Amino acid sequence: MLSPTMLILSLPLLLLSNILYKYLRNPLRQVPAAHPLAPFTSLWILYIRFHALENQTLRAAHERLGPIICLSPHEVSVNCVKGGIRDVYAGGMEKGNGRFNWYSFFTNYGIPNMFSLGGNKEHSVRKRMLSNVYSKSVVTSSAPLLAQSSVIFYQRFFPYLERTFSQAEPGVLNIYALFSATTMDIVCAYLFGLASGSNLIDNPNELDHFLDLFNSRRSHNFFPQEMPELTQALQKWFGYRLVPEFVNRSNEEIESWTKAMCDRASGLLRQSDVEIKTVDTPVVYQQLSAAIAKEVKKSGMEKVDLDLRIASEVLDHLAAGFDTSGITLAYLVHELSLRPDVQYKLREELLSLSPPMKPSSTPTLPDPKAVDALPFLHAVIWETLRLHSAIPGPQPRITPSSGCRLGPEERSYYIPGNFRVSASAGLLHSNEDVYPRATEWRPERWIEEVDEDKRKDMESRWFWAFGSGGRMCVGSHLAVYRKLESP
Ligand code: HEM
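Quantities reported herein were computed from a predicted structural model and do not represent experimental measurements.

Reading the values: rules and limits
Residues numbered from 1 in each chain as written. Predicted model: local features only at pLDDT ≥ 70, side-chain atom pairs only at ≥ 80, totals over all residues. Heavy atoms only, no water. Buried < 20%, exposed > 50% of the residue type's maximum accessible area, 1.4 Å probe, protein only. Helix = DSSP H or I, 4+ residues; strand = E, 2+ residues; numbered from the N terminus. Pairing = 2+ DSSP bridges. Phe/Tyr/Trp six-rings, centres within 6.5 Å; stacked < 30°, edge-to-face > 60°. Lys NZ or Arg CZ within 6 Å of the ring centre and 35° of its normal. Patch = residues over 30% accessible without salt bridge, like charges linked within 9 Å, V, L, I, M, F, W, Y side chains within 5 Å. Areas by Shrake-Rupley, 256 points an atom, 1.4 Å probe, with all protein chains shown as cover. Salt bridge = Lys/Arg side-chain N within 4 Å of Asp/Glu carboxyl O. Near = heavy atom within 4 Å. Polar contact = N/O pair within 3.5 Å; in protein donor to acceptor, adjacent residues only side chain to side chain. Axes fitted to C-alpha atoms, helices over the stretch in contact; angles between N-to-C directions. Parallel < 35°, antiparallel > 145°, perpendicular 65-115°, else oblique. Left-handed = near helix turned anticlockwise from the far one by under 90°. Contact = heavy atoms within 4.5 Å. 1 Å grid on protein atoms, 1.4 Å probe; cavity = no way out; pocket = protein on both sides within 12 Å on 5 of 7 lines; lining within 4 Å. Points joined across faces, edges and corners; volume = space filled by probe spheres on them. Nonpolar A, V, L, I, M, F, W, Y, C, P; charged D, E, K, R; others polar.

Asks: Looking at this structure, I do not really get the pairing of strand 2 (residues 75-78). What am I missing?
Replies: One face of the sheet, then the other: side chains in a regular strand alternate in exactly this way. The alternating pattern of strand 2 places Glu-75 and Ser-77 on one face and Val-76 and Val-78 on the opposite face, and all of these are buried. The pairing of strand 1 (residues 68-72) with strand 2 spans four bridges and is classified as antiparallel. Bridging across to strand 2, Ile-68 finds its partner in Val-78. Remark: two residues form the turn of the hairpin made by strand 1 and strand 2, two consecutive strands paired antiparallel. Relative to strand 6 (residues 420-422), strand 2 is paired through three bridges, and the arrangement is parallel. Note that in strand 6 the partner of Ser-77 across the bridge is Ser-422.

This is the structure in structure tokens:
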């Protein structure tokens, strides 16, 4: 029999041999390791994520080791098209279910939405309900959207700028806050109609409060996203909170704010005796509520949470839509401020539109198709989305249970089933072969003469600001009219 001392001494030995045994049996030991500890334990990548060093660490590791690297005993990162994003995302790998689903964190009101749903089947049912209202043809010809954006630009955005710059001492214009307000007002108008949506441009206190609620949560994502079981267990068994209480309160307040807009839109739709004005049409809400009600009726599901199902979905759209677009516009203005020549050229092009987009003009925006056709505007937006992707980091997926091969043909590896795999826009967009002088903001690259294959690489195969495959951004045409092709 082992004495207690021997038992204690043998425990670390047992643990070490277990790690070694798992390492020797794990096919990932063949994949170049981002760090010597990566094939043995997840602690290294967790440490990197906790310290928000992931993007820069993965960039350096891919540069050193190639397009596929091991991040932990159960995780790889890919940075290539063939054997990479084409297989993982266009190939339809799932987000995973239960504890494997990293995206359950994005659930609202405790109810999943399109973005947080793990399985492809349930996801595609929801996507079918919404793809039409976000398709390019509907977005570019929508009378409500044109009317809503015209009011937001001519009655809110331009007057805000005029008020700011007509003051004797204009002070500092917080362009990030102004763009966040503008993108939120536009997205909410399309979701709920102008009268039922937000008006953050004209309500700076509400805007400050909202941005505070929204952004203060960011630094507390790590534990619930990466260690959801530990986070829940510590709170349940020991009452210890890894996420401060105020994060829950912020979530609840954002949920109530969204629910109030849903209730206004629903109230308007119920008034059968009143004709809804074009500008107040709740395009997305109307389509979604009808489709979800039909789904609930058909499947015999409980009706009770019908309103919250709709609210969970639209809250995800407004959060995804305003934040990404606001960040992109803030970067765009920053880059323009450093390149007066580009500013000048862009202004010339925009003034060629009819009516021209300036405060004194007719209060109607030009035809979306004419805006879509502007080559320099396209170049400036595309270059900003490339260099400053609003979602630059990993988009995790789970390998199919039968396993798969990943990596370029000449250096591909077997990856077992239910392992985590991800790619990142920030890394794909820094490929020097596709985007020479990749660290520079150079809109010119999009109008320079290049052969057709190279253009395809730039515009579709390697361009990943909106993701790719079945779970690609559904709002991409609302953000930018231009058509995108999946690699
Ligand atoms: C510059 C603006 C935008 C960028 C860079 C962006 C980027 C992205 C990315 C990278 C994804 C994830 C794709 C994936 O998981 O593979 C996504 C998903 C999504 N985006 Fe956007 N987005 C933008 C604007 C918008 C807008 C305006 C809306 C809608 C109002 C929107 C709604 C969504 C939704 C609902 C999803 C989930 C789609 C799904 O799961 O099928 N986004 N977006």
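Back to the write-up after that little detour.
Asks: Help me understand the packing of aromatic side chains in this model?
Replies: In this description, an aromatic ring pair is defined by two values, namely the gap between the centres and the angle between the planes. Taken as a whole and judged by the stated rule, the model has 24 aromatic pairs. When the centroid spacing of 5.3 Å and the interplanar angle of 65° are considered together, the rings of Tyr-154 and Phe-158 count as edge-to-face. With Tyr-154 and Phe-158 both in helix 7 (residues 143-166), this residue pair falls four residues apart, about one helical turn. Each member of the pair Tyr-154 and Phe-158 is classed as buried. One aromatic cluster in this structure is built from Trp-102, Tyr-103, Phe-105, Phe-106 and Phe-115. If you follow Lys-95 out to its NZ or CZ, it ends over the ring of Tyr-103, 4.0 Å from the centre. Here the basic side chain of Lys-345 rests over the ring of Phe-376, its NZ or CZ set 4.5 Å away from the ring centre.

Asks: Any chance you could explain a nonpolar patch on the surface here in plain terms?
Replies: Side chains of Leu-15, Ile-19, Leu-20, Leu-24 and Phe-40 sit close together on the surface and give an oily, nonpolar patch of about 440 Å² of accessible area. With respect to the helices and strands, Ile-19 occurs in helix 1 (residues 4-25).

Asks: Help me understand the site of the ligand, please; the structure alone is not making it clear to me.
Replies: Residues in close proximity to the ligand total 28 residues, the closest being His-123, Lys-127, Thr-324, Arg-397 and Cys-473. Contact between the ligand and His-123: an oxygen atom at 2.7 Å from a side-chain N or O atom of the residue. Here Gln-395 contributes a side-chain N or O atom positioned 3.3 Å from an oxygen atom of the ligand. Contributions of two or more residues to the shell around the ligand are made by helix 5 (120-134), helix 14 (306-338) and helix 20 (476-479). The biggest single contributor to the shell around the ligand is helix 14, with seven residues.

Asks: Just checking my understanding: could you explain the packing of helix 13 (residues 283-299) against helix 14 for this structure?
Replies: Axis angle and axis distance: for two packed helices, these are the angle between their axes and the distance between the axes, and together they describe the pair. Where helix 13 contacts helix 14, the axes come no closer than 10 Å and their chain directions differ by 140°. Relative to helix 14, the element helix 13 is oriented oblique. Viewed along their axes, helix 13 and helix 14 form a crossing whose handedness is right-handed. In contact with Val-284, Tyr-285, Leu-288, Ser-289, Ile-292, Ala-293, Glu-295 and Val-296 of helix 13, helix 14 contributes Leu-306, Arg-309, Ile-310, Glu-313, Val-314 and His-317.

Asks: Can you help me understand the layout of surface pockets in this one?
Replies: Any empty space left between the atoms is revealed when a probe the size of a water molecule rolls over them. Taken as a whole, the second largest pocket holds about 1,000 Å³ of empty space. Ser-42, Ser-72, His-74, Arg-99 and Glu-226 are the residues nearest the centre of the second largest pocket, which is lined by 33 residues in total. Among the elements of the structure, helix 1, helix 2 (43-50), helix 10 (222-226) and helix 11 (228-238) are those that each provide at least two residues to the lining of the second largest pocket. When grouped by side-chain class, the residues that make up the lining of the second largest pocket number 17 nonpolar, nine polar and seven charged.

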